[in-house]
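Structural features, examined
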Amino acid sequence: MYAVKSSASKVGYCSLSIRCGTRAEGDLPEGTAHFVEHTIFKGTRRLSAARINSYLDRLGGELNAYTTKEEIVLHATVLREDIWKAVGLLMEIATEATFPEHEVETERGVILDEIISYKDSPSEDIFDNFESRFFAGSPLGRLTLGTLESVGRTTVEDLKTYYRRNFIPQNMALCVVANGDEAELEKKIRRICSSLTSPKTAGITK
């Protein structure tokens, strides 16, 4: 699924939404979806974490992501002439992430600190507790961040399992907003989306 929109702005925006989120964790530890969001940027078959982190920075762009109960969204903002580089990078991350063990351990510490910081914010903690109780027994009752215990026991294989189950073409929606002819934008998007079944053709250029 895709959407294109022409814009007169000098800035281009793209996002890749994956229909999964916390509710798709199944039997995996609570917070696995959010853990995947953190570690998906830490290496692919061809790119190191450092290369991923610096790629859009060198172009003056931004790369980020977020997790909800319903979806994981990867998004980037760049100059309009670099939009296809950003799209290629999102595709690379969404189809070929490798979850290096040392990077996973680093991010585990980051997430544990994030959970602790939420406990220091009563408004956030109360809201999480309300949702957990209201949706008790449902996948929607899971905490997006997980708990100190669940994040502590999440393995690299858990992350890979979640990724393999959910980061599949039928769960993905690509959106591009950039200056240009909408018909040409759509044609290029169609070509990129068709490459999802052969992810190596969607990689970034140097």
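Data block above holds the structure.
Overview of the structure. (Residues numbered from 1 in each chain as written. Predicted model: local features only at pLDDT ≥ 70, side-chain atom pairs only at ≥ 80, totals over all residues. Heavy atoms only, no water.)

A short note on the overall build of the chain
Secondary structure assignment for the chain yields eight helices and five strands. Relative to its length of 206 residues, the chain is compact, with a C-alpha radius of gyration of 18 Å against a globular reference of 17 Å. When the backbone C-alpha atoms are referred to their principal axes, the chain occupies close to 50 × 35 × 30 Å. Looking at the chain as a whole, 46% of its 206 residues qualify as buried. Taking all contacts inside the chain whose residues are at least 6 apart in sequence as the whole, residues at least 24 apart take part in 82%. By element, 53% of the accessible surface of the chain is carried by carbon and sulfur atoms, the whole surface being about 10,500 Å². (Helix = DSSP H or I, 4+ residues; strand = E, 2+ residues; numbered from the N terminus. Rg over C-alpha atoms; globule rule 2.2 N^0.38 Å. Buried < 20%, exposed > 50% of the residue type's maximum accessible area, 1.4 Å probe, protein only. Contact = heavy atoms within 4.5 Å. Areas by Shrake-Rupley, 256 points an atom, 1.4 Å probe, with all protein chains shown as cover.)

Describing the nonpolar core
Within the largest apolar cluster, 46 residues are counted, with the highest numbers of intra-cluster contacts made by Leu74, Phe167 and Leu174. Per element, the largest residue contribution to this core is eight residues, and it comes from helix α3 (residues 83–96). Excluding anything up to four places from it in sequence, Leu74 contacts Cys14, Ser15, Leu16, Ile18, Ile40, Phe41, Asn64, Ala65, Leu90, Ile93 and Ala94. (Core = buried A, V, L, I, M, F, W, Y, C linked by side-chain atoms within 4.5 Å.)

Quick notes on the pairing of strand β4 (residues 72–79)
Of all eight residues in β4, six are buried, a share of seventy percent or more. Linking strand β3 (residues 62–67) back to β4 in an antiparallel pair, the connection comprises four residues. (Pairing = 2+ DSSP bridges.)

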